[in-house]
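What follows is each chain in one-letter form.
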Amino acid sequence: MAQYDRPQDSFALTVRALGYLLRYPDDEWRGHLGEVWDALRGSNALGRDRLAEIASLVEAMLAAEALEAEAEYVDLFDRGRGTALHLFEHVHGDSRERGPAMLDLIATYEQAGLALRTDELPDHLTVLLEYASTQPRDAATALLGEVAHILQRIDGAVKRRGSAYAAVIGALLDLSGACAMASVQAAEPELDLDAAWEEPAAFDGCANQGQQGQSGRQGAGQAQPVHLVRRAPAADSHAAPSAAQGARA
């Protein structure tokens, strides 16, 4: 699906819209930016101050040259571990634990009747948010709460970089019920995550129970369509077990 889909529920719509704002800002993304902003502005899930911050981001992105916006995104999210949108980067780093965690996460999506494209990673924040937007509000809020400690770390790192994208991470923390980083220490270095993190309970230990995450981009400059698609009903009942078992073999 190439278009931005608008869930009917206000909370789900807000989660989906925030996820969209964190996607790679290619031409297709810019084409739907106004629609996404209208969805956020019409929702009652975020406070006035937070919406004002997001409005500043949207205005800046609309005013920026395409190459400038794309370069800023890559520099912010693809060239620093502290700002990485792949959630398992913050939890497992490059350890062997990451592979099994990915498989469990894919199984979680498949059990919900959703399928990832084969060229996408399941732990990218944008995919986590898309998945969350398909779940009941209580479940979506709980999921955001489970990854809030990672979001707080990303929030602090993005703020230290002085990026307007901090408004989106802050909005996700608002929805999760957690607090954004209150203070920003510009001189604080980004610690190596392998040393700073000792397998925190991300996803509430979901690495062994089926996790909930997201997929990444194919690469800078490439189109980034909606990541998750509904499986055909006839395939739902057996898709998740077979996919998970086959991947483990």
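What counts and how
Residues numbered from 1 in each chain as written. Predicted model: local features only at pLDDT ≥ 70, side-chain atom pairs only at ≥ 80, totals over all residues. Heavy atoms only, no water. Helix = DSSP H or I, 4+ residues; strand = E, 2+ residues; numbered from the N terminus. Buried < 20%, exposed > 50% of the residue type's maximum accessible area, 1.4 Å probe, protein only. Contact = heavy atoms within 4.5 Å. Areas by Shrake-Rupley, 256 points an atom, 1.4 Å probe, with all protein chains shown as cover. 1 Å grid on protein atoms, 1.4 Å probe; cavity = no way out; pocket = protein on both sides within 12 Å on 5 of 7 lines; lining within 4 Å. Points joined across faces, edges and corners; volume = space filled by probe spheres on them. Nonpolar A, V, L, I, M, F, W, Y, C, P; charged D, E, K, R; others polar. Axes fitted to C-alpha atoms, helices over the stretch in contact; angles between N-to-C directions. Parallel < 35°, antiparallel > 145°, perpendicular 65-115°, else oblique. Left-handed = near helix turned anticlockwise from the far one by under 90°.

1. Re the overall build of the protein chain
Scanning the protein chain from N- to C-terminus turns up 12 helices and two strands. Secondary structure elements of the protein chain, listed N to C terminal, follow the sequence α-α-α-α-α-α-β-α-α-α-α-α-β-α. Split into buried and exposed, the 249 residues of the protein chain put 50% on the buried side. Taking the contacts inside the protein chain whose residues are at least 6 apart along the sequence as the reference set, 75% of them involve residues at least 24 apart. A total of about 11500 Å² of accessible surface is found on the protein chain, and carbon and sulfur atoms cover 49% of it.

2. Observations concerning the layout of surface pockets
In this model, the largest pocket occupies a volume close to 190 Å³. As for the largest pocket, its lining consists of 12 residues, of which Phe77, Asp78, Ala84, Leu85 and His86 are closest to the centre. Of the residues that constitute the lining of the largest pocket, the class distribution is four nonpolar, three polar and five charged.

3. Things to note about the packing of helix α8 (residues 137-146) against helix α10 (residues 166-176)
Axis angle and axis distance: for two packed helices, these are the angle between their axes and the distance between the axes, and together they describe the pair. For the pair α8 and α10, the least separation of the axes is 8 Å and the interaxial angle reads 120°. With respect to their mutual orientation, α8 and α10 come out oblique. Note on packing geometry: the crossing formed by α8 with α10 is left-handed. In this structure, α8 uses Thr141, Leu144 and Gly145 to contact α10, whose residues at the interface are Leu172, Leu175 and Ser176. A class-by-class count of the residues in the contact of α8 with α10 yields three nonpolar, three polar and no charged.

4. Side note on the packing of helix α1 (residues 10-21) against α10
Close contact between α1 and α10 brings their axes to 10 Å; oriented N to C, the two are set at 155°. The angle between α1 and α10 falls in the class roughly antiparallel. The interaxial crossing formed by α1 with α10 has left-handed handedness. Contacts between α1 and α10 pair Phe11, Thr14, Val15, Leu18 and Leu21 from the former with Val168, Ala171, Leu172 and Leu175 from the latter. For the contact of α1 with α10, the residue count by class is eight nonpolar, one polar and no charged.

5. Re the environment of cysteine 179
With respect to the secondary-structure elements, cysteine 179 resides in the loop between α10 and α11 (193-196). The spatial distance from the C-alpha of cysteine 179 to the C-alpha of histidine 149 is 9.7 Å, given a sequence separation of 30 residues. Contact partners of cysteine 179, with chain neighbours within four places excluded, come to Gln152 and Leu173.

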